[in-house]
Amino acid sequence: MGDIRLPTKLGIKSYLSRGKHHYSSINKKHSLWISRVLEVETFDTSEVGTMVNSQRIEWIDCNGHMWGFIRQDNDIIKVGTKKQQFGYFPAVQNPQSDDWHGYPVFPFKEKNKKYDIGNSLLEFWCTNDILSEDEIATLIEGKLL
């Protein structure tokens, strides 16, 4: 399965679904999305973000990386084949021309802290009732929500 550009909800950012992050990929060393539908829906949650004072705020950390997750029936659903609940979308070098892409991750699990969500985004989620204080504490402990 190759790379495919997927339409996004807002259609502002272009999104490239990378074949190496899907079940049919030959190389299974990469984290894998359950489906392209969940992949783009996870991206959409990060791009659509949250409305604050009539302004749309994307879920972007202090390094320009986008983070997304999907809440259904008050649960954070699994979007990755290894039960990952969060999508990580690395910052693009040139936002005007580069495609975004991403993959499912376990935040706060890597020794190098690559997938630690920045405090400012965690605080934003808590302040705007997107994640509760308890959910954030659980997440920081490296546990599933």
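Before reading on, note that the structure itself is shown above.
These notes cover the structure that comes with them.

Calculation notes
Residues numbered from 1 in each chain as written. Predicted model: local features only at pLDDT ≥ 70, side-chain atom pairs only at ≥ 80, totals over all residues. Heavy atoms only, no water. Helix = DSSP H or I, 4+ residues; strand = E, 2+ residues; numbered from the N terminus. Contact = heavy atoms within 4.5 Å. Polar contact = N/O pair within 3.5 Å; in protein donor to acceptor, adjacent residues only side chain to side chain. Buried < 20%, exposed > 50% of the residue type's maximum accessible area, 1.4 Å probe, protein only. Pairing = 2+ DSSP bridges. Core = buried A, V, L, I, M, F, W, Y, C linked by side-chain atoms within 4.5 Å. Arc of directions from axis to C-beta.

1. Notes on the environment of R18
By the element assignment, R18 lies in the loop between β2 (15-17) and α1 (36-48). Between the C-alpha atoms of R18 and N74, which are 56 residues apart in sequence, the distance is 29 Å. If we skip the residues at most four places from it in the chain, R18 touches D3, R36, E39 and H101. Here the side chain of R18 touches D3 through a polar contact of 3.2 Å, side chain to side chain.

2. Description of the pairing of strand β8 (residues 86-89)
Here β8 shows no split at all, with F86 and Y88 on one side and G87 and F89 on the other all buried. The sheet contact formed by strand β5 (residues 66-68) and β8 spans 3 bridges and is antiparallel. If you follow M66 over to β8, its bridge partner there is F89. Examined bridge by bridge, β8 and strand β9 (residues 103-105) share 3 bridges and lie antiparallel to one another. Looking at the pairing, F86 lines up with V105 of β9.

3. Describing the nonpolar core
W67, F69, F86, I117 and W125 are the most contacted members of the largest nonpolar core, which totals 32 residues. Residue assignment for this core shows that the elements contributing at least two residues are α1, β5, β8, β9, α2 (119-127) and α3 (133-140). In terms of residue count, α2 provides more of this core than any other element does, 4 residues in total.

4. A word on α2
For α2, the full list of buried residues reads L121, L122, F124 and W125. All buried residues of α2 fall inside an arc of 160° around its axis, so they share one side. Away from its buried face, by an angle of more than 90 degrees, α2 presents the exposed residues N119, E123 and T127. Considering only its buried residues, α2 is in contact with β3 (50-52), β4 (55-57), β5, β8 and α3.

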